[in-house]
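Report on the structure
Here is how the chains run, residue by residue.
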Amino acid sequence: MPSDIAAPVIRHDVLGRDHFLLTLECPAIAREARAGQFVMLRAGRGFQPLLRRPMSICRVLPGRRGRIQILYKIVGEGTRCLSQQPVGATVPTLGPLGNGFRLAPDGTRPILVAGGIGIAIFPFLVEALRAARRATPLLIYGARANRDLVALDFFRARDVPMRLATEDGSRGTKGFVTRILEPLLARKDRGPRMEIFACGPTPMLKAVRERALGAGVPCQLALESQMPCGIGVCLGCVVGCPPDERGPIFRRVCAEGPVFGAEEVVL
Ligand SMILES: Cc1cc2nc3c(=O)[nH]c(=O)nc-3n(C[C@H](O)[C@H](O)[C@H](O)COP(=O)(O)OP(=O)(O)OC[C@H]3O[C@@H](n4cnc5c(N)ncnc54)[C@H](O)[C@@H]3O)c2cc1C
Ligand code: FES
């Protein structure tokens with residue numbers, strides 16, 4: 001059951017140019033949260049901007065205080081207002097919302113594919129996989145340029161192998177994450193079964209979905225969409241799904257998602 005909490009800002013750290021890491025204290029949300037779920041944050045003071053903004057729960061911090069972290073990038077008015085919230089301010093926070101990831105079965109190697117700020121969803125998943133004693137994941141992480149690759153220390157500290165890609169070639173493979181994923185999927189000696197977990201911009205998810213379906217590898221996609229309400233009421237977030245005999249099907253990303261199997265949605 002989601003809670004709506006006036007959550008105090010405990011820390012608010014700048015990570016590079018326009019990325020921030022926000023720590024909020026909201027025990028009822030921290031207690032219930034699962035990897036892949038999100039919260040709806042009121043970004044400013046009063047009703048400006050009017051609509052809350054959806055943000056993945058990046059981590060639930062260990063300890064009894066019930067703290068969560070949100071990793072975000074400034075892209076517009078809402079995230080700019082959020083970045084101005086000082087320590088001690090309160091941020092109305094509704095959550096946890098959505099379905100979250102299904103953990104990969106035992107003996108399966110999780111392949112995490114992140115594009116841009118899509119990386120924000122994965123620290124929580126890495127910790128959940130560890131807690132469930134699943135195989136160490138491989139992270140494939142792409143961004144525009146080296147300066148847009150954030151949170152690398154988190155994954156390094158947990159010995160998560162990383163393959164990086166940048167569009168301008170300033171770090172790792174030059175190009176998109178699919179340049180790393182494709183040869184991995186094509187290898188005949190792939191070893192143990194894999195499952196892909198992907199989060200990022202829709203064109204990236206579309207490309208990952210096609211590659212995964214083509215290779216017959218299970219794949220969960222965490223979708224992004226505009227979310228006016230975040231609680232399944234307004235239908236502002238729907239995504240098309242494969243039609244059945246009665247016609248087209250749409251599902252709400254906030255309520256039935258944000259995580260869908262690659263075969264469940266049409267991007
Ligand atoms: C499930 C989910 C998890 C996400 N997790 C993260 C994360 O962890 N970190 C991160 O940086 N980003 C995350 N995002 C994206 C983030 O929500 C957007 O970047 C943010 O809402 C942009 O707000 P803005 O006002 O700064 O940008 P703007 O560019 O000002 O807003 C984008 C445009 O959409 C409109 N709009 C904004 N919010 C809404 C809304 N809720 N409903 C309808 N229209 C709206 C605005 O009016 C504007 O026209 C997530 C999105 C989803 C759906
Ligand atoms: S955001 Fe309103 S139904 Fe999904």
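Throughout, residues of each chain are indexed from 1 in the direction in which the sequence is written. All chains are assigned letters beginning at A, and all ligands numbers beginning at 1, according to the order in which they are written. Only residues with pLDDT of at least 70 get local features here, since the model is predicted, and only at 80 or more are side-chain atom pairs given and counted; chain-wide, interface and lining totals rely on the full set of residues.

**Focus on the site of ligand 1**
Put simply, the rule reads: As used in this record, a residue near a molecule or strand is one whose C-beta atom, placed from the backbone, is within 6 Å of it. Counting from the N terminus, the helices are DSSP H or I runs at least four residues long and the strands are E runs at least two residues long. The classification used treats Ala, Val, Leu, Ile, Met, Phe, Trp, Tyr, Cys and Pro as nonpolar, Asp, Glu, Lys and Arg as charged, and all other residues, Gly among them, as polar.
If you check the shell around ligand 1, you find 24 residues, and the closest are Tyr72, Gly76, Gly78, Thr79 and Ala120. For the shell around ligand 1, the secondary-structure elements that each account for two or more residues are strand S4 (53-56), strand S6 (67-73) and helix H2 (77-83). It is S4 that provides the largest number of residues to the shell around ligand 1, a total of four residues. Considered class by class, the residues forming the shell around ligand 1 number 13 nonpolar, seven polar and four charged.

**A word on the domain arrangement of the chain**
Using the following cut-off: Domain delimitation follows an automatic or database domain assignment.
Assigned domains of the chain: these are domain 1 (3-97) and domain 2 (109-222). Distance from the C-alpha centre of domain 1 to the C-alpha centre of domain 2: 24 Å. Contributions of two or more residues to the side of domain 1 that touches domain 2 are made by strand S5 (59-60) and S6. Considering every element that reaches the side of domain 1 that touches domain 2, the biggest residue donor is S6, with three residues. Here the side of domain 1 that touches domain 2 is composed, by residue class, of seven nonpolar, four polar and three charged.

**Overview of the pairing of strand S2 (residues 19-25)**
The following threshold applies: DSSP calls a pair of strands paired once it identifies at least 2 bridges connecting them.
Where strand S1 (residues 3-15) and S2 come together, six bridges link them in antiparallel fashion. In the strand pairing of S2, His12 is matched with Leu22. Counted along the chain from S1 to the antiparallel partner S2, the turn is three residues long, and its residue Gly16 has a positive phi close to 75°. Relative to S6, S2 runs antiparallel, the two sharing seven bridges. From the neighbouring strand, Leu22 faces S6, where its bridge partner is Ile70.

**Topic: the sheet that holds strand S10 (residues 162-166)**
Just so we agree on the cut-off: A pair of residues counts as a contact when their C-beta atoms, built from backbone coordinates, are within 7 Å of each other. Every axis corresponds to a line fitted to the C-alpha atoms, with the helix fit spanning only the stretch in contact, and the corresponding angles, defined between N-to-C directions, vary from 0 to 180 degrees.
Strand order in the open sheet formed by seven strands is S11-S10-S9-S8-S12-S13-S16, and the pairing between neighbours is mixed. Each edge of the open sheet carries a strand with a single partner, namely strand S11 (173-174) and strand S16 (259-261). With four bridges connecting them, strand S12 (residues 194-199) and strand S13 (residues 219-222) associate as parallel partners. Directly across from Ile196, in S13, lies its bridge partner Cys219. Contacting strand S8 (109-115), strand S9 (138-143) and S12, helix H3 (residues 122-131) crosses the sheet at an angle of about 170° to S8.

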